[in-house]
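Fold and contact review
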Amino acid sequence: MPKIVKARVIVTSPRRNFVTLKIECDDGTTGVGDATLNGRELAVASYLAEHVVPCLIGREAHQIEDIWQYLYKGAYWRRGPVTMTAIAAVDMALWDIKGKIAGLPVYQLLGGAAREGCMVYAHANGTTIDDTIAAAKAAMDAGYLAVRLQCGVPGLPSTYGVAKHGERYEPADADLPSESVWSTSKYLRVVPELFRVAREELGWDVHLLHDIHHRLTPIEAGRLGRDLEPYRPFWLEDATPAENQDAFRLIRQHTTAPLAVGEIFNSIWDCKTLIENQWIDYIRATVVHAGGITHMRRIAALADLYQVRTGSHGATDLSPICMAAALHFGLSIPNFGIQEHMPHTEETDRVFPHAYSFANGLMHPGDKPGLGVDIDEELAGTHAYKRAFLPVNRLEDGTLWSW
Ligand SMILES: O=C(O)C(=O)C[C@H](O)[C@H](O)CO
Ligand SMILES: [Mg+2]
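As the structure is a prediction and not an experimental result, all values here were calculated from the model.

Definitions and limits used
Residues numbered from 1 in each chain as written. Chains lettered and ligands numbered in written order. Predicted model: local features only at pLDDT ≥ 70, side-chain atom pairs only at ≥ 80, totals over all residues. Heavy atoms only, no water. Pairing = 2+ DSSP bridges. Helix = DSSP H or I, 4+ residues; strand = E, 2+ residues; numbered from the N terminus. Near = heavy atom within 4 Å. Polar contact = N/O pair within 3.5 Å; in protein donor to acceptor, adjacent residues only side chain to side chain. Areas by Shrake-Rupley, 256 points an atom, 1.4 Å probe, with all protein chains shown as cover. Buried < 20%, exposed > 50% of the residue type's maximum accessible area, 1.4 Å probe, protein only. Domains from an automatic or database assignment. Contact = heavy atoms within 4.5 Å. Buried area = accessible area lost by both parts, 1.4 Å probe. Axes fitted to C-alpha atoms, helices over the stretch in contact; angles between N-to-C directions. Parallel < 35°, antiparallel > 145°, perpendicular 65-115°, else oblique. Nonpolar A, V, L, I, M, F, W, Y, C, P; charged D, E, K, R; others polar. Expected span 1.5 Å × (residues − 1). Arc of directions from axis to C-beta.

Read across the open sheet, the three strands follow the order β6-β15-β16; overall the sheet is mixed. The outermost strands of the open sheet, each flanked by one partner alone, are β6 (179–182) and β16 (400–401). Of the pairings in the sheet, the one linking strand β15 (residues 392–395) to β16 comprises two bridges and is antiparallel in character. Counted as the bridge partner of Arg-394 is Leu-400 from β16.

Close to ligand 1 lie 15 residues, the nearest being Tyr-160, His-213, Glu-263, Asp-317 and Glu-340. Here an oxygen atom of ligand 1 and a side-chain polar atom of Arg-148 are 3.2 Å apart. In the environment of ligand 1, an oxygen atom lies 2.9 Å from a nitrogen or oxygen atom belonging to the side chain of Glu-237. Here ligand 1 loses 95% of its free accessible area of 330 Å² to cover by the protein chains.

Quick look at the pairing of strand β4 (residues 118–126) now. With nine of its nine residues buried, β4 lies for the most part within the structure. Summarising the sheet, β4 and strand β12 (residues 336–340) pair through two bridges and their orientation is parallel. Residue pairing across strands places Val-120 opposite Gln-339, the latter belonging to β12. With six bridges connecting them, β4 and strand β5 (residues 146–151) associate as parallel partners. Pairing of Ala-122 across the sheet is with Val-147, part of β5.

Attention now moves to unusual backbone geometry. Of note in this structure, Asp-238 is not a glycine but carries a positive phi near 45°. Residue position: Asp-238 is located in the loop between β8 (235–237) and α8 (247–254). Overall, Asp-238 belongs to the buried group, its relative accessible area being 2%.

A separate point is the domain arrangement of the protein. Structurally, the protein comprises domain 1 (4–105) and domain 2 (109–367). Put simply, the middle of domain 1 and the middle of domain 2, counted by C-alpha atoms, are 26 Å apart. If you look at the interface, domain 1 gives 33 residues, while domain 2 gives 34 residues. When domain 1 packs against domain 2, close to 2700 Å² is buried across both sides, 61% of that on carbon and sulfur atoms.

Below, the discussion takes up the packing of helix α9 (residues 268–276) against helix α10 (residues 292–305). Running from amino to carboxyl end, α9 crosses α10 at an angle of 10°, the nearest separation of the two axes being 10 Å. Relative to α10, the element α9 is oriented roughly parallel. Of the residues in α10, those touching α9 at Ile-268, Cys-271, Lys-272, Ile-275 and Glu-276 are His-295, Arg-298, Ile-299, Leu-302 and Ala-303. Along the lines of polarity and charge, the residues of the contact of α9 with α10 split into six nonpolar, one polar and three charged.

Further remarks concern helix α5 (residues 129–141). When the terminal C-alpha atoms of α5 are compared, their 18 Å separation across 13 residues agrees well with the 18 Å that a helix rising 1.5 Å per residue should span. Residues of α5 that are buried include every one of Ile-129, Thr-132, Ile-133, Ala-136 and Ala-139, and no others. Buried residues of α5 fall within an arc of 115° about the axis and therefore sit on the same side. In this structure, α5 carries Asp-130 and Asp-141 as exposed residues pointing more than 90 degrees from its buried face. In this structure, the buried side of α5 is in contact with β4, β5 and α6 (184–202). One or two residues past the end of α5 sits Gly-143, with phi positive at roughly 110°.

Right, dumping it as structure tokens:
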């Protein structure tokens, strides 16, 4: 049985910040796990270095479940994004090690491929509706079967999900949080028009998604859902903040637009009420923020009982290690729905060489033993950490609003 002899935390910033845990065993096998929590990176780095790494040394790397329980129950302070991201990093690294020692890609350890690949959705965003449609066409030409549409809101200087200078959209960019302005009434006027034009220009064979990013009240979300119903959206994401989960009952009473929630969830307990009441259709929890492959399998199993499918978060603040783990997970579970795909920059891809690939709208994790992803530590060392924050959002009168 391989024993853990070393574990180290690597913070690197190839155009954006990533935290990685690398675990080493006495037989020389290594495994990597993503530990990135956008805007709060060093909290997880410190949690791992100070409180987790010392507890790993000497443990048997194959005992993934026992180590998971040890870190979860043993901490006493359960759940929370920092704890669950740290546990996720350990979990991913241990699955990577197990796969390498078995000589199998991780999805084979999880039961094998349940589909040919994982359908992924692309991001299409633009300041105007026309720019957004052009971006969606480019994504479809590249082979994507599903596209998330976000466009600028006339009358607002900047909008969530829309890149400011024509570059790709990368959440988190400032040394201190930047501030954006929000108007629900202006937003609610533009999105139905975006979807109307999208169906006219893109046809009906492509899946169209939209992220509300927690900004509406339940009744406003119900109304937007109704307005979009004729255009058959694949989902509306984060329609309203999910702390009060009863809110989703109210949305459900007003629209049949499918709902997706969960990118900020970190535990099965965040998902339980929404899933058991069938108030959502897609659960967006991710491997990196929700306790790793081990815990995500539990969430997926619960969701499967209620015909809720997965649709994991996959923005660029989740590292290629998380993307690899998400694809092994998604390939193997029965109720995979879709996976977000926002390609990383070339700098990031160079620091994290990986075996996963995209073809015809689907992604596959590849067949290298383990997760099929690594970190080039020398290159990582050349990209120094630089503090970055997510923006905050205010109404036009200055009221702080959900972002
Ligand atoms: O990709 C998405 O759906 C997002 O909402 C992106 C998030 O704002 C981002 O990942 C936060 O770190
Ligand atoms: Mg989102």
